[in-house]
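Okay, here's what each chain looks like letter by letter:
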Amino acid sequence: MRKLFVEGGHPLKGVIRVSGAKNAVLKLMAAALLGHGRFVIRNVPEIRDVFTMLGVLQALGVEATLNDSTIFLNVETVRGEAPVALVQEMRASIQVMGPLLARLGWVRLSKPGGCAIGDRPIDLHLKNFKKLGAQIREEHGFITASTNGLVGKELYLDFPSVGATENLMMAATLAQGTTVIHNAAREPEIVDIQNFINLMGARVYGAGTSTITIKGVTQLGGADYAVIPDRIEAGSYLIAAAITRGAITIEHVIPQHLTAIVDKLQETGTEIKVGTDTIAVRGVQDLFPINILTQPYPGFATDLQPQYMALMTLAGGSSVIKETVYTNRFRQVEELRRMGADILLDSNAAVIKGVPQLSSALVHATDLRAGAALVLAGLAASGITEITGLDHIDRGYEKLVHKLQTVGGRIWRED
Ligand code: UD1
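Please read these numbers as outputs of a predicted model, since none were measured by experiment.

Some points on the site of the ligand
- In the region of the ligand, 19 residues are neighbours, and Lys27, Asp123, Ser161, Asp303 and Val325 sit closest.
- Contacts to the ligand include Asp123, whose side-chain N or O atom sits 2.7 Å from a nitrogen atom.
- Burial of the ligand by the surrounding chains reaches 84%, relative to a free accessible area of 730 Å².
- Broken down by element, the residue count for the shell around the ligand peaks at 3 residues, all from helix H5 (residues 123–131).
- When its residues are assigned to classes, the shell around the ligand shows 8 nonpolar, 5 polar and 6 charged.
- Two domains each put at least three residues into the shell around the ligand: domain 1 (3–19 + 229–414) and domain 2 (22–226).

The structure is reproduced here in structure tokens:
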């Protein structure tokens, strides 16, 4: 069985360079399906989700390669149907639906499966595709969307869903007339997609605010673009420094994307210095227990909640974490308890009573960010923690073991 071993108790020291953002690059790859011609996407993290999306694009008829952190695509004719196995492997595959519907007038994908972090319906995507003029059929485990031509509309999202905002924004670029998405998600990755598709020739304005306006065009070309840094990877390493009482500088970040986590870490007493594209963090011995509430951006990112929880298990008192984005994102709790954490769960809230020390255990990563939380806990615990479920961690952290080793982390894997 593949395993990660983490020997705790060694403060991390040094510099870590942050990779390109997983949650941006996957959508840029999907957005390329709207265009014709050649694409170069730079600063690409070499992680499992990116390889899965490359497979999806190839299955759809795109020439797609990844070399040295750079993706090369040649998009000419594309198909409207991707293999079930690839779509089910990664939920983000659903992001090809908007581009294919807009380009081909037809798309058929298998329904995304269940998810370890809670109920994740795509009703907001489908409801609003219908408003743009699509017919949706759901049968035999597949979703088929078809249209005689999408027409721009005023749309309102009941919740600022990241995926729905992106899917609708991409579909609307080739619709006839103007689409306005109200209560849109404001995540930095959505701004990245806007910048990318505008380079392709789209006319999209307002990403980063809650109102996005898309003026439809008839055709889109290629683009050469570099992905923004991964704010979740960056946040995970900030917490790694804090939890090991180390001193790390993370470089190649956009600090404005990290204000919520930086602010909360400072409240815990952790020392932080923000530069232009760097953040230096120095951990302290006594951490104050600080509550958080996860929210859509610019609120505290749900994707950093499990890692932050790992930190709070060692704070000097009790803190409360309330999860408002997902219904069931506390799968890390059982595993952290195995390592000696004192955590009480009550529906979407967790009360974490800090303990003086965590101890190593055999634990399982149930999903990507829960896995990251266990790595962080392992770096601080006494003894050698063994983590299974590496497939999840490999989905989203580029060269995790190598990056942690370069700052003195005692971590290795057995494949
Ligand atoms: C994206 C990120 C994920 C992050 C999440 C929230 C990618 C590949 N993934 O996921 O890492 O955790 O944003 O920041 O970018 N919802 C509905 N109906 C819908 C769509 C969403 O009820 O049609 C609900 C979901 O069940 C969830 C919440 O809205 O509870 C947030 O989902 P959403 O913002 O859509 O997340 P994703 O785009 O799937």
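Don't stop here, the text continues.
Describing the domain arrangement of the protein
- Entries for the protein in the domain assignment read domain 1 (3–19 + 229–414) and domain 2 (22–226).
- Counting residues at the interface gives 26 residues for domain 1, matched by 20 residues for domain 2.
- On inspection of domain 1 and its partner domain 2, the count reaches 2 salt bridges.
- In this structure, Glu189 engages Arg231 in a salt bridge whose closest nitrogen and oxygen atoms are separated by 2.8 Å.
- Put simply, domain 1 and domain 2 have 8 residue pairs in polar contact (both at pLDDT 80 or more) between them.
- Secondary structure elements with two or more residues in the side of domain 1 that touches domain 2: helix H12 (368–380) and helix H13 (390–396).
- When the residues that make up the side of domain 1 that touches domain 2 are grouped by side-chain class, the tally is 7 nonpolar, 8 polar and 11 charged.

Some details on the packing of helix H1 (residues 22–31) against helix H2 (residues 48–59)
- The N-to-C vectors of H1 and H2 enclose an angle of 5°; their axes lie 10 Å apart at closest approach. Our classification of the angle between H1 and H2 gives roughly parallel. Judged by residue contacts, Lys22, Val25, Leu26, Met29 and Ala30 of H1 engage Asp49, Val50, Met53, Leu54 and Leu57 from H2.
- Here the contact of H1 with H2 is built from residues that sort into 8 nonpolar, no polar and 2 charged.

Quick look at the packing of aromatic side chains
- Applying the stated rule across the entire model yields 4 aromatic pairs.
- Residues Phe196 and Tyr225 carry aromatic rings whose centres are separated by 5.7 Å and whose planes lie at 70° to one another, so their mutual orientation is edge-to-face. Of this pair, Phe196 sits in helix H7 (residues 188–199) while Tyr225 is found in strand S13 (residues 223–226), placing the two residues 29 residues apart along the sequence.
- Consider the rings of Phe300 and Tyr308, whose centres lie 5.5 Å apart with planes at 65°: the pair is edge-to-face.
- Members of the aromatic cluster, each reached through a chain of ring pairs, are Phe39, Phe196 and Tyr225.
- Above the plane of the ring of Phe142 lies Arg108, whose end atom (NZ or CZ) is 4.0 Å from the centre.

Focus on the packing of H1 against helix H6 (residues 162–172)
- Across the interface, H1 lies against H6 with an axial gap of 11 Å and an inter-helix angle of 25°. As judged from the angle between their axes, H1 and H6 are roughly parallel. The chirality of how H1 crosses H6 is right-handed. Between H1 and H6, the residues in contact are Asn23, Lys27, Ala30 and Ala31 and Val162, Glu166 and Met170, respectively.

Some points on the sheet that holds strand S16 (residues 278–282)
- With mixed pairing, 4 strands are arranged side by side in an open sheet as S2-S14-S16-S15. Whereas interior strands pair on both sides, the edge strands pair on one side only; in this sheet they are strand S2 (13–17) and strand S15 (271–274). Sheet twist, expressed as the mean angle between neighbouring strand axes with direction ignored, is 15°.
- Where strand S14 (residues 247–251) lies against S16, 5 bridges are found, and the strand directions are antiparallel. Note that in S16 the partner of Thr249 across the bridge is Ala280.
- Helix H8 (residues 231–243) contacts S2, S14 and S16 of the sheet and is inclined by roughly 165° relative to S14.

Some details on the layout of surface pockets
- Roughly 250 Å³ of internal volume is contained in the second largest pocket.
- Taken together, 15 residues line the second largest pocket, and the ones lying closest to its centre are Arg17, Val18, Ser19, Glu398 and Lys403.
- Only S2 and helix H14 (400–406) provide two or more residues apiece to the lining of the second largest pocket.
- Its residues assigned to classes, the lining of the second largest pocket comprises 5 nonpolar, 6 polar and 4 charged.
- Counting contributing residues per domain, the lining of the second largest pocket is built from domain 1 (3–19 + 229–414) and domain 2 (22–226), each supplying no fewer than three.

What to know about the pattern of salt bridges
- Considering all chains together, one arrives at 22 salt bridges under this definition.
- As a salt-bridge pair, Arg2 and Asp394 come within 2.8 Å of each other at their nearest N and O atoms. One end of the pair, Arg2, is in the segment before strand S1 (3–7); the other, Asp394, is in helix H13, and 392 residues separate them in sequence.
- Accessibility expressed as a relative area gives 30% for Arg2, which makes it partly exposed.
- A salt bridge links Asp415 to Arg2; the nearest nitrogen and oxygen atoms lie 2.9 Å apart. With Asp415 in the segment after strand S23 (410–414) and Arg2 in the segment before S1, this pair connects stretches of sequence that are 413 residues apart.

Reading guide: rules and limits
Residues numbered from 1 in each chain as written. Predicted model: local features only at pLDDT ≥ 70, side-chain atom pairs only at ≥ 80, totals over all residues. Heavy atoms only, no water. Near = heavy atom within 4 Å. Polar contact = N/O pair within 3.5 Å; in protein donor to acceptor, adjacent residues only side chain to side chain. Areas by Shrake-Rupley, 256 points an atom, 1.4 Å probe, with all protein chains shown as cover. Helix = DSSP H or I, 4+ residues; strand = E, 2+ residues; numbered from the N terminus. Nonpolar A, V, L, I, M, F, W, Y, C, P; charged D, E, K, R; others polar. Domains from an automatic or database assignment. Contact = heavy atoms within 4.5 Å. Salt bridge = Lys/Arg side-chain N within 4 Å of Asp/Glu carboxyl O. Axes fitted to C-alpha atoms, helices over the stretch in contact; angles between N-to-C directions. Parallel < 35°, antiparallel > 145°, perpendicular 65-115°, else oblique. Phe/Tyr/Trp six-rings, centres within 6.5 Å; stacked < 30°, edge-to-face > 60°. Lys NZ or Arg CZ within 6 Å of the ring centre and 35° of its normal. Left-handed = near helix turned anticlockwise from the far one by under 90°. Pairing = 2+ DSSP bridges. 1 Å grid on protein atoms, 1.4 Å probe; cavity = no way out; pocket = protein on both sides within 12 Å on 5 of 7 lines; lining within 4 Å. Points joined across faces, edges and corners; volume = space filled by probe spheres on them. Buried < 20%, exposed > 50% of the residue type's maximum accessible area, 1.4 Å probe, protein only.

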